[in-house]
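# What the coordinates show
Each chain, written out:
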Amino acid sequence: MDGWVRRTGPGGLPQIHLSAEGLSWRDGHGSWAARWDQVFGVVEVEATRALVLVPRRPPEPPWIEVRSEALPPELQRSGLHGLLREIDERALRSGYRDAGPRRPRLDPESLMRRVLAREEIPGALEVPVGVGPGGWWRRGLELVGGGSAGGLAGLYAGTLAGSGLLAAVGAGLGALAGAATPVLLGPNWRSLRARRRPPRVLVLAPDGCVVGLPSGPEAFAWSALGGFRAGQEESLREERTSRPCLEVARADGSVAARIDAAWFTEPLSIVVGVAEAYRRRCLRALGR
């Protein structure tokens, strides 16, 4: 088993159920079930809506959406807050290391290699990726106008070797082939299977995280980080302007990395909440 939470049956009216083994839920799209060791945290989005973090195969978002109308009868009185508290408490009693054989911890270098090689990492979550600053139209114009391997390399690094993004932009832009040659030599371009996979800018794993930056991907152990927060980054194109971004803070409070919010499909507040919930769960699992 690869650890992904998959659809197990047909859909129906929204409903969530808690048991000793895990939780199950359904909506109009289908039914799913997850063990408690597959639940990595909860994020309240608003008074009637929350996200439960579980490993789902990308490009599916790594969470399930729970609304107050889907509460089981025994939790109607305590409401959504009661449900989230119950899920969090039960999930904390188990961890991904408790299910099956124990696996060695990954140092940042090993984590980086596995992420770039597209290997499966038990317990890892990938935040859904957007089209980046300026959208597809501006991205295409930049690539055609620049025509340089350096510009493509920056985009490549900024999406953690995002072959899916380059493949989509490159379709119909044959003039880029020559300029892209140095970039396409990366390990993720060695097979058609890798080319079909979606790009990534933030991968959260039990032993650390890997972020995509214009200067190249970087890996961090959880012990080296102080948290995730919303911030502002100066625009490279317009003076005296800034753009919202996800800030990855070091343990001393300094900024280790910034990712433009346009690289995410979800609002920055949700991305911060998801990353922070996952980080806190991993630190508790590591005894910190």
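Conventions adopted
Residues numbered from 1 in each chain as written. Predicted model: local features only at pLDDT ≥ 70, side-chain atom pairs only at ≥ 80, totals over all residues. Heavy atoms only, no water. Helix = DSSP H or I, 4+ residues; strand = E, 2+ residues; numbered from the N terminus. Buried < 20%, exposed > 50% of the residue type's maximum accessible area, 1.4 Å probe, protein only. Polar contact = N/O pair within 3.5 Å; in protein donor to acceptor, adjacent residues only side chain to side chain. Contact = heavy atoms within 4.5 Å. Expected span 1.5 Å × (residues − 1). pLDDT = per-residue confidence, 0-100. Pairing = 2+ DSSP bridges.

## A short note on the side chain of Ser-31
Within the fold, Ser-31 resides in strand S4 (residues 30–35). When its relative accessible area of 16% is taken as the criterion, Ser-31 is described as buried. Of the polar contacts made by the side chain of Ser-31, one reaches the backbone oxygen of Pro-10; its length is 2.5 Å. With residues near it in sequence (within four places) discarded, Ser-31 still touches Arg-6, Arg-7, Thr-8, Gly-9, Pro-10, Gly-11, Trp-25 and Arg-26.

## Thoughts on helix H1 (residues 79–92)
Between its first and last C-alpha, H1 extends 20 Å over 14 residues, near the 20 Å set by a 1.5 Å rise per residue. Gly-79, Leu-80, Gly-82, Leu-83, Leu-84, Ile-87 and Ala-91 are the residues of H1 that are buried.

## Examining helix H2 (residues 108–116)
Inspection of H2 places Ser-110, Leu-111, Met-112 and Val-115 among the buried residues, and these make up the whole buried set. Taken together, the buried residues of H2 touch strand S9 (202–205), strand S10 (208–211) and strand S11 (218–221).

## Things to note about the confidence of the model for the chain
One rule of thumb: low pLDDT means the predicted coordinates there are not for detailed reading. Averaged over every residue, the pLDDT of the chain is 75; the share at 70 or more is 71%. Low pLDDT (under 50) marks residues 96–101, which in the prediction has 13 contacts with non-local residues, meaning those over four places away or in another chain. The low-confidence segment residues 136–159, where pLDDT is below 50, has 59 contacts with residues more than four positions distant or belonging to other chains.

## Here's the deal with the pairing of S10
Of the two faces of S10, the one carrying Gly-208 and Val-210 and the one carrying Cys-209 and Val-211 are both buried. By the bridge criterion, four bridges tie S9 to S10 in an arrangement that is antiparallel. Residue pairing for S10: Leu-204 is matched across the bridge by Cys-209. Linking two consecutive strands that pair antiparallel, namely S9 and S10, is a turn of two residues. Here S10 folds back onto S11, and the loop between the two strands holds six residues, one of which, Gly-216, carries a positive phi near 130°.

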